[in-house]
Amino acid sequence: MKVSLVHSGRTLRFSHLDATLARLLLMAPGIAREAASNPVERGRLLPKPSDDDDLNHEWAEFVEPGLEKLFLSAADQVARDMAGVDMCPDGGGIAVDVPLDHADAWLNCLNSARLALNTRHAFDERDMAAELPQIIENERDAALFQIHFFGILQECLIARLNP
Amino acid sequence: MALATPDIEEKTRDLLDEPWQVVVHNDPVNLMSYVTMVFQRVLGMPRDKARRHMLEVHHKGRSVVWSGAREQAECHVEQLHGHLLLATLERATP
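Residues numbered from 1 in each chain as written. Chains lettered and ligands numbered in written order. Predicted model: local features only at pLDDT ≥ 70, side-chain atom pairs only at ≥ 80, totals over all residues. Heavy atoms only, no water.

**Student:** Help me understand the nonpolar core, please; the structure alone is not making it clear to me.
**Tutor:** In terms of nonpolar packing, the biggest core is built from 69 residues, with Leu25(A), Trp106(A), Phe150(A), Phe39(B) and Leu80(B) touching the most fellow members. Sequence-distant contacts of Phe39(B), that is, excluding residues within four places in its chain, are made with Val24(B), Gly44(B), Met45(B), Ala50(B), His53(B), Met54(B), Val57(B), Val65(B), Leu80(B) and Leu85(B). (Core = buried A, V, L, I, M, F, W, Y, C linked by side-chain atoms within 4.5 Å. Buried < 20%, exposed > 50% of the residue type's maximum accessible area, 1.4 Å probe, protein only. Contact = heavy atoms within 4.5 Å.)

Given below as structure tokens:
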């Protein structure tokens, strides 16, 4: 994978992706959206703000809807940005362009997907620090790989946004 | 017979004046660089301070990142949640 700035520095391009990496990336908005309707994953994306039941109840009624809308709109933006990705480019190597104006939406969507996958498979600190398997044999291995891959993409965006 | 006037206004004022703190909790997913950036953006911390608090979250499991009035504390927690950090608000310990 290569990372470069294109379009007069207004776009970050992830290029030379193979089909597998591109497909895994294309899944990110869907994972983030599904988390909103999965009770366990939703609990991580929308955690309780305190030990106070009254405050938590008010939070759920007045604050959570806005947060959920934020997460879903970020996922939608990323999906729109990836809608035109050419999965069979001439010369090989798939490219995904991230307009830097949309970088916050990408960070949000990638993070939501990472947290959702982590919650879904209950990875702990040890799992996260372990070496990735050489061969991905099951859904759990694939999810761990996605978490790390999306994290690399996040780091690239953060390096550009917060040098 | 006159009814006693409840001391509502005084208690409400005390509750609002009581200091609250915003606590960020560790999780195995959020990137250190991301947490640092969020502290800078949401809480206006300079980078060095943001990094210190990030490391405190990482090593000690939690860090008090802000304290003050409850309304502002709620606003900060909402913003931190918007960035997918684990944050809570609690009454500041004296």
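**Student:** What is the right way to read the side chain of Asn111(A) from this model?
**Tutor:** By secondary structure assignment, the location of Asn111(A) is in helix H6 (residues 103–121). Under the relative-accessibility criterion, Asn111(A) is labelled buried at 0%. (Helix = DSSP H or I, 4+ residues; strand = E, 2+ residues; numbered from the N terminus.)

**Student:** Please clarify how the sheet that holds strand S1 (residues 20–25) of chain B should be interpreted in this entry.
**Tutor:** The strands making up a sheet associate through hydrogen bonds between their backbones, and the pairing can be parallel or antiparallel. Residue and element names in this part refer to chain B. Strand order in the open sheet made by the three strands is S2-S1-S3, with antiparallel pairing throughout. Edge positions in the sheet fall to strand S2 (62–68) and strand S3 (86–91), since each of these pairs with one other strand and no more. Between one strand axis and the next, the sheet turns by 25° as a mean value, whatever way the strands run. As paired elements, S1 and S3 share six bridges and run antiparallel to each other. Bridge pairing in S3 links Val22 to Leu89. Its contacts with the sheet put helix H3 (residues 47–60) on S1 and S2, and the angle it makes with S2 is roughly 135°. (Pairing = 2+ DSSP bridges. Axes fitted to C-alpha atoms, helices over the stretch in contact; angles between N-to-C directions.)

**Student:** Looking at this structure, how should I read the layout of surface pockets?
**Tutor:** The method is simple in principle: a probe with the dimensions of a water molecule rolls over the atoms, and the space it marks as empty is what remains. In this structure, the largest pocket occupies an estimated 390 Å³ of space. Forming the walls of the largest pocket are 23 residues, and the residues nearest its centre are Asp27(B), Pro28(B), Val29(B), Asn30(B) and Leu31(B). Among the elements of the structure, helix H7 (125–129) and helix H8 (139–161) of chain A together with S1, helix H2 (32–43) and H3 of chain B are those that each provide at least two residues to the lining of the largest pocket. With five residues, H8(A) is the largest single contributor of residues to the lining of the largest pocket. Of the residues assigned to the lining of the largest pocket, the class counts are 13 nonpolar, six polar and four charged. (1 Å grid on protein atoms, 1.4 Å probe; cavity = no way out; pocket = protein on both sides within 12 Å on 5 of 7 lines; lining within 4 Å. Points joined across faces, edges and corners; volume = space filled by probe spheres on them. Nonpolar A, V, L, I, M, F, W, Y, C, P; charged D, E, K, R; others polar.)

**Student:** Looking at this model, I keep getting lost on the packing of aromatic side chains. Mind explaining?
**Tutor:** Two numbers describe a pair of aromatic rings. These are the distance of the centres and the angle of the planes. All names here are of chain A. Applying the stated criterion across every chain yields a total of two aromatic pairs over all chains. Ring centres 6.0 Å apart and planes at 40° place the aromatic pair Phe149 and Phe150 in the tilted group. Given the relative accessible area of 0%, Phe150 is considered buried. (Phe/Tyr/Trp six-rings, centres within 6.5 Å; stacked < 30°, edge-to-face > 60°.)

**Student:** Would you explain the interface of chain A and chain B in this entry?
**Tutor:** Contact with chain A, which involves 31 residues of that partner, is made by 25 residues of chain B. Interface area for chain A against chain B, summed over the two sides, is near 2,400 Å², with a carbon-plus-sulfur share of 59%. When residues of chain A are sorted by the area they lose upon contact with chain B, Arg44(A), Trp59(A) and Asn162(A) head the list and together hold 20% of the total. On inspection of chain A and its partner chain B, the count reaches two salt bridges. Put simply, Arg44(A) and Asp27(B) hold a salt bridge, and the shortest N to O gap is 3.5 Å. (Buried area = accessible area lost by both parts, 1.4 Å probe. Salt bridge = Lys/Arg side-chain N within 4 Å of Asp/Glu carboxyl O.)

**Student:** Mind showing me how you'd approach the environment of Ile94(A) here?
**Tutor:** Residue and element names in this part refer to chain A. Turning to its location among the elements, Ile94 is positioned in strand S3 (residues 94–99). Each C-alpha atom, one on Ile94 and one on Met1, is 9.2 Å from the other, the two residues being 93 residues apart in sequence. With near-sequence residues (within four places) excluded, Ile94 lies in contact with Phe14, Ser15, His16, Leu17, Asp18, Ala19, Ala22, Val85, Asp86, Met87 and Pro89.

**Student:** Even after reading the chapter, I still don't get empty space enclosed by the protein, so can you show me in this structure?
**Tutor:** All names here are of chain A. Overall, the coordinates contain one cavity of 30 Å³ or more when judged by the stated rule. Lining the largest cavity, in full, are Ala32, Ala36, Arg42, Leu45, Leu46, Phe71 and Leu72. For the lining of the largest cavity, the elements supplying multiple residues, two or more each, are helix H2 (28–37), helix H3 (39–45) and helix H5 (64–82). A per-class count over the lining of the largest cavity returns six nonpolar, no polar and one charged.

**Student:** I'm lost on the sheet that holds strand S2 (residues 11–17) of chain A in this one. Help?
**Tutor:** Residue and element names in this part refer to chain A. What the three strands build is an open sheet, ordered S1-S2-S3; its pairing is antiparallel. Looking at strand neighbours, the two that pair on one side only are strand S1 (2–6) and S3, the edges of this open sheet. Taken over all neighbouring pairs, the strand axes of this sheet differ in orientation by 25° on average, direction set aside. Inspection of the sheet shows S2 paired to S3 by five bridges, in the antiparallel sense. In the strand pairing of S3, Arg13 is matched with Asp97.

**Student:** Where do I start with the pattern of salt bridges in this structure?
**Tutor:** Pairing is possible between side chains that carry opposite charge, provided their charged atoms lie close to one another. In the structure shown here, the tally under the stated rule is eleven salt bridges over all chains. Among the salt bridges present, the one from Asp104(A) reaches Arg41(B), with a minimum N-O distance of 2.9 Å. Of the two residues, Asp104(A) is situated in helix H6 and Arg41(B) in helix H2; the pairing between them involves two chains. Asp104(A) gets classed as partly exposed once you look at its relative accessible area, which sits at 42%. Taking the shortest distance from any N to any O, the salt bridge between Asp127(A) and Arg140(A) comes out at 3.4 Å. Residue Asp127(A) is located in helix H7, and its partner Arg140(A) is located in helix H8; the two are separated by 13 residues in the primary sequence. A residue is classified by how much of its surface remains accessible, and Asp127(A), at 23% relative accessible area, is partly exposed. By relative accessible area, which is 35% here, Arg140(A) ends up partly exposed.

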